[in-house]
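# Commentary on secondary and tertiary structure
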Amino acid sequence: MSARRKLVVGNWKMHGSHPANAELLSGIMAARPFAADVAVCVPFPYLPATALSLIDSDIRWGAQDCSAHKQGAYTGEVSSTMLAELGCRFAIVGHSERRAMHGESDQLVADKALAALGQGVTPIVCVGETLAQREAGETAGVVKRQLSAVIHTLAHCVSEMVVAYEPVWAIGTGLSATPEQAQEVHQLLRAQLQAATPRAEQMKLLYGGSVKPDNAAALFAKPDIDGALVGGAALKAVDFVAICRAAG
Ligand code: 13P
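These notes cover the structure that comes with them. (Residues numbered from 1 in each chain as written. Predicted model: local features only at pLDDT ≥ 70, side-chain atom pairs only at ≥ 80, totals over all residues. Heavy atoms only, no water.)

### What to know about the environment of A237
How we decide: A run of H or I in DSSP becomes a helix once it reaches four residues, and a run of E becomes a strand once it reaches two; helices and strands are each numbered from the N terminus. The contact criterion used throughout is that any non-hydrogen atoms of two residues lie within 4.5 Å.
Looking at the secondary structure, you find A237 in helix α10 (residues 237–246). Here the alpha-carbon distance between A237 and T122, two residues 115 residues apart in the chain, equals 24 Å. Excluding residues within four positions of it along the chain, A237 makes contact with L24, G27 and I28.

Right under this line is the structure:
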């Protein structure tokens, strides 16, 4: 196992309500302390209440997207300055659901990552191939292309981001990548980062896609898997806590 401290991030996606969130957060808080770093990325409207709940803890919070623009006539967008004001430590950018459903390009994702970093919000940049791309043997090429846009745009700040490898075919399907499949891609990503920054060894590469309490430990045992970006299992305190403990 590597010396990097693990990071487990819950991506709540478009789920939640004030009462459900309060219950989930208190379940997570009650299970502290964790040996790993832990964060939740919640829908924008829940950020203030989440911040209030977590402010005195070491659990961090973040958003699931961030505008590439600083401010202006961008109806519906939320800027990194606003996220920073709400104490966000993280912003997920380039999730495959946004790439697919909102037509986000590699360059837009890179610009969002840069905007987040500019306000001290750590971007969690998601990359990953579809099933068709994997079956066509294109996995390495796809993730390399996605990561390379971010590497070029962030330039000397590249080591400040977190990268999440999320194979699209594993998201919400219950069909996680095997630890070996995930490690193979993480190793490629680490090598690509190594060519870009002397700090690649310290960078966190998360795996996401059907991470559950029963598969988390085997994934975390791989040398280049530094934690997880968790969807469905992040909505149940017992499951999320079990995954956080597996990372410890
Ligand atoms: P699931 O854990 O529900 O597969 O979602 C993964 C994901 O998309 C996290 O960002």
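The rest of the description comes next.
### As for the site of the ligand
Convention followed: When we say a residue is near a molecule or strand, we mean one of its heavy atoms is within 4 Å of it. Counting of polar contacts relies on pairs of N or O atoms within 3.5 Å, with two restrictions inside protein: one atom must be capable of donating a hydrogen and the other of accepting it, and residues adjacent in sequence are counted only when both atoms are side-chain atoms. Calculation of accessible area relied on Shrake-Rupley with a 1.4 Å probe; when residues are assessed, cover is drawn exclusively from the protein chains displayed. The classification used treats Ala, Val, Leu, Ile, Met, Phe, Trp, Tyr, Cys and Pro as nonpolar, Asp, Glu, Lys and Arg as charged, and all other residues, Gly among them, as polar.
Taken together, N11, K13, H95, E166, A170, I171, G172, G209, S210, L229, G231 and G232 make up the full set of residues near the ligand. For the ligand, an oxygen atom lies 2.6 Å from a polar atom in the backbone of G172. Contact between the ligand and S210: an oxygen atom at 2.7 Å from a main-chain N or O atom of the residue. Its free accessible area being 310 Å², the ligand has 96% of it covered by the protein chains. Here the shell around the ligand is built from residues that sort into 3 nonpolar, 7 polar and 2 charged.

### Quick notes on helix α7 (residues 139–154)
Defined as follows: One less than the number of residues in a helix, times 1.5 Å, gives the span that helix is expected to have. Partly exposed residues are those whose accessible area sits between 20% and 50% of the maximum for their type, while under 20% is buried and over 50% is exposed, using a 1.4 Å probe and protein chains only.
Look at α7: 23 Å from first C-alpha to last across 16 residues, which is about the 22 Å you get at 1.5 Å a residue. Taken together, the buried positions of α7 are T139, V142, V143, Q146, L147, A149, V150, I151, T153 and L154.

### Thoughts on the packing of helix α9 (residues 213–220) against α10
What counts, and what does not: Lines are fitted to the C-alpha atoms to define the axes, a helix being fitted only along its stretch in contact, and any angle between axes, read from their N-to-C directions, falls within 0 to 180 degrees. An angle below 35 degrees is treated as roughly parallel, one above 145 as roughly antiparallel, one from 65 to 115 as roughly perpendicular, and anything else as oblique. Throughout, a crossing is termed right-handed when the near helix is turned clockwise from the far one, and left-handed when it is turned anticlockwise from it by less than a right angle.
For the pair α9 and α10, interaxial distance at closest approach is 9 Å and the crossing angle is 20°. With respect to α10, the axis of α9 lies roughly parallel. α10 is crossed by α9, and the crossing has right-handed handedness. Here α9 contributes P213, A216, A217 and F220 to the contact with α10, which in turn contributes D239, A242, I243 and A246. Of the residues assigned to the contact of α9 with α10, the class counts are 7 nonpolar, no polar and 1 charged.

Remember that the coordinates give geometry; whether it matters functionally is a separate question.
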